[in-house]
Amino acid sequence: SSSATPEKQKWRVLVPLSEPFDAYTWIKVQNAFFGELEREGLTVDYVFNRPGQLVYLPNVLPGHSFYQSRKIKGARYAFS
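Computed from a predicted structure; not experimentally measured.

A. A nonpolar patch on the surface, seen in detail. A contiguous nonpolar patch, built from Trp11, Val13 and Val15 and spanning about 340 Å² of accessible area, is present on the exposed surface. For tryptophan 11, the position within the fold is in the segment before α1 (23-39). Exposure remark for tryptophan 11: the relative accessible area of 52% places this residue in the exposed category.

B. Spotlight on the pattern of salt bridges. Under the counting rule described, the total for this entry stands at one salt bridge. For the salt bridge of glutamate 36 with arginine 39, the shortest nitrogen-to-oxygen distance reads 2.9 Å. Placement of both glutamate 36 and arginine 39 in helix α1 is noted, with a separation of three residues, approximately one turn of the helix. Since its relative accessible area comes to 61%, arginine 39 is described here as exposed.

C. Expanded view of the packing of aromatic side chains. Evaluation of the coordinates by the stated rule reveals two aromatic pairs. Considering the side-chain rings of phenylalanine 34 and tyrosine 46, the 5.0 Å spacing of their centres and the 85° angle between planes classify their relative orientation as edge-to-face. Of the two residues, phenylalanine 34 sits in helix α1 while tyrosine 46 sits in the segment after α1, which places them 12 residues apart along the sequence. We classify phenylalanine 34 as buried; its relative accessible area is 6%. Following the ring pairs from residue to residue traces out a cluster consisting of Phe33, Phe34 and Tyr46.

D. Expanded view of α1. The terminal C-alpha atoms of α1 lie 24 Å apart, and with 17 residues this matches the ideal 24 Å at 1.5 Å per residue to within 8%. Of all the positions in α1, only Val29, Gln30, Phe34 and Gly35 are classed as buried. The N-cap of α1, judged by a side-chain oxygen 3.1 Å from the amide nitrogen of tyrosine 24 a few residues on, is aspartate 22. Trailing α1 by a residue or two, glycine 41 shows a phi angle of about 90°, which is positive.

Rules used throughout
- Residues numbered from 1 in each chain as written.
- Predicted model: local features only at pLDDT ≥ 70, side-chain atom pairs only at ≥ 80, totals over all residues.
- Heavy atoms only, no water.
- Patch = residues over 30% accessible without salt bridge, like charges linked within 9 Å, V, L, I, M, F, W, Y side chains within 5 Å.
- Areas by Shrake-Rupley, 256 points an atom, 1.4 Å probe, with all protein chains shown as cover.
- Salt bridge = Lys/Arg side-chain N within 4 Å of Asp/Glu carboxyl O.
- Helix = DSSP H or I, 4+ residues; strand = E, 2+ residues; numbered from the N terminus.
- Buried < 20%, exposed > 50% of the residue type's maximum accessible area, 1.4 Å probe, protein only.
- Phe/Tyr/Trp six-rings, centres within 6.5 Å; stacked < 30°, edge-to-face > 60°.
- Expected span 1.5 Å × (residues − 1).
- Polar contact = N/O pair within 3.5 Å; in protein donor to acceptor, adjacent residues only side chain to side chain.

See below:
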């Protein structure tokens, strides 16, 4: 996020899916996932529960703000 700083970090997490979801299921899964993140004390941006929401990363000019990226492989989640 263009407003992130080392003191005020913001994260965007992209989770690959094993199969595509229809729009109704996408909203349901995103809301469940967001609920889990909020229970862990994280603030989420519900704009990302909209099907087809575009994300451009990085979305700031180099050197303009705090920006990091990394790939993490780990636990798989099942939503129903």
